[in-house]
Amino acid sequence: MKLIDYIHEQTQIDSQAIELLDNLFEYREYKKYSLLLKEGNHSKEIFYIEEGIIREFYTKNKKDITHAFLAEDSFYMPIEPIYFHNPSPFALEALEVCKVRVANFSQVEQMIHHYPKLRGFMEMLLITFLKNLTLRIYGIKFQTAQERYDFLLKNYPKILLRVPLGHVASFLGITQQTLSVIRAGKGN
């Protein structure tokens, strides 16, 4: 969905404010497997995915670990550089050809000060981020691999068609062999 349509759908903000916000976001297109951001980046940009799927990952012991998948209608903000002025431990990689809108956080923040209803939209995005993080932590701590897999398929039914299985296994915190066993048991 186009950024302007997504904001219209999610808020009660007047069209003029939405168009001004939309104008802050430039269009970028990324090829499959290209990096949007490297680990250790200091980016203060906000990303909105209009088309495609992106993987957020980090490296531990020379192995990359998938932290999250961001598909259409998702926002991404590198929290560490924006709020704490530290480098981000995460990298972003396009897993498909991606059409992304990108804006400088400080410009968006200035606009939020002029349009209070945008603050509510930003708070909604942060609450959604916190909810997803809480569900992720809960899954890792309290769910079996099978339950995490079922949750992933329920919430992202086409993920296995769009993402390499190694990345899915990494995201679930299991080996690719365990993922194969789970999938075989499900008849997928």
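Now for a look at the structure at hand. What you see is a predicted model, and the numbers here were worked out from it, not measured in a lab.

### A look at the overall build of the protein
Move 1: The number of helices and strands found in the protein is 9 helices and 8 strands.
Move 2: Here the C-alpha atoms of the protein give a radius of gyration of 17 Å, agreeing with the 16 Å that 2.2 N^0.38 yields for 188 residues.
Move 3: Once the C-alpha set of the protein is aligned to its principal axes, its extents read approximately 55 × 35 × 30 Å.
Move 4: The buried share among the 188 residues of the protein stands at 40%.
Move 5: Nonlocal contacts in the protein, meaning residues at least 24 apart in sequence, comprise 68% of its contacts between residues at least 6 apart.
Move 6: As displayed, the protein has an accessible area near 10,900 Å², and 55% of this comes from carbon and sulfur atoms.
Move 7: If the 23 positive side-chain charges of the protein are averaged to one point and the 22 negative ones to another, these points end up 8 Å apart.

### Examining the packing of helix α1 (residues 3-10) against helix α2 (residues 15-24)
When two helices pack together, you describe them by how their axes are tilted relative to each other and by the distance separating the axes.
Move 1: One way to put it is that α1 packs onto α2 with a least axis distance of 10 Å and a crossing angle of 140°. Classified by chirality, the crossing of α2 by α1 is right-handed. Two secondary-structure elements touch here, α1 through L3, I4, I7 and H8 and α2 through S15, I18, E19, L21 and D22.
Move 2: Residues belonging to the contact of α1 with α2 are distributed by class as follows: 5 nonpolar, 2 polar and 2 charged.

### Structural notes on the nonpolar core
Grouped burial of nonpolar side chains is what soluble globular proteins tend to show.
Move 1: Counting 22 residues, the largest nonpolar core has F25, I46 and F75 as its most contacted members.
Move 2: Elements with a minimum of two residues in this core: α1, α2, β3 (45-51), α4 (105-114) and α5 (116-142).
Move 3: With 17 residues, the next largest nonpolar core counts A145, Y149, L160 and A169 among its residues.

### Re the pairing of strand β8 (residues 98-104)
Move 1: For β8, the tally of buried residues reaches 5 of 7 residues, placing the bulk of the element in the interior.
Move 2: Note that strand β1 (residues 26-30) and β8 share 5 bridges and pair antiparallel. Looking at the pairing, Y30 lines up with C98 of β8.
Move 3: Judged from the 6 bridges that link them, β3 and β8 form a sheet pairing that is antiparallel. Note on β8: the bridge partner recorded for I49 is V100.

What counts and what doesn't
Residues numbered from 1 in each chain as written. Predicted model: local features only at pLDDT ≥ 70, side-chain atom pairs only at ≥ 80, totals over all residues. Heavy atoms only, no water. Helix = DSSP H or I, 4+ residues; strand = E, 2+ residues; numbered from the N terminus. Rg over C-alpha atoms; globule rule 2.2 N^0.38 Å. Buried < 20%, exposed > 50% of the residue type's maximum accessible area, 1.4 Å probe, protein only. Contact = heavy atoms within 4.5 Å. Areas by Shrake-Rupley, 256 points an atom, 1.4 Å probe, with all protein chains shown as cover. Lys, Arg positive; Asp, Glu negative; His and termini not counted. Charge placed at Lys NZ, Arg CZ, Asp CG, Glu CD. Axes fitted to C-alpha atoms, helices over the stretch in contact; angles between N-to-C directions. Left-handed = near helix turned anticlockwise from the far one by under 90°. Nonpolar A, V, L, I, M, F, W, Y, C, P; charged D, E, K, R; others polar. Core = buried A, V, L, I, M, F, W, Y, C linked by side-chain atoms within 4.5 Å. Pairing = 2+ DSSP bridges.

These figures come from the coordinates and say nothing about function on their own.
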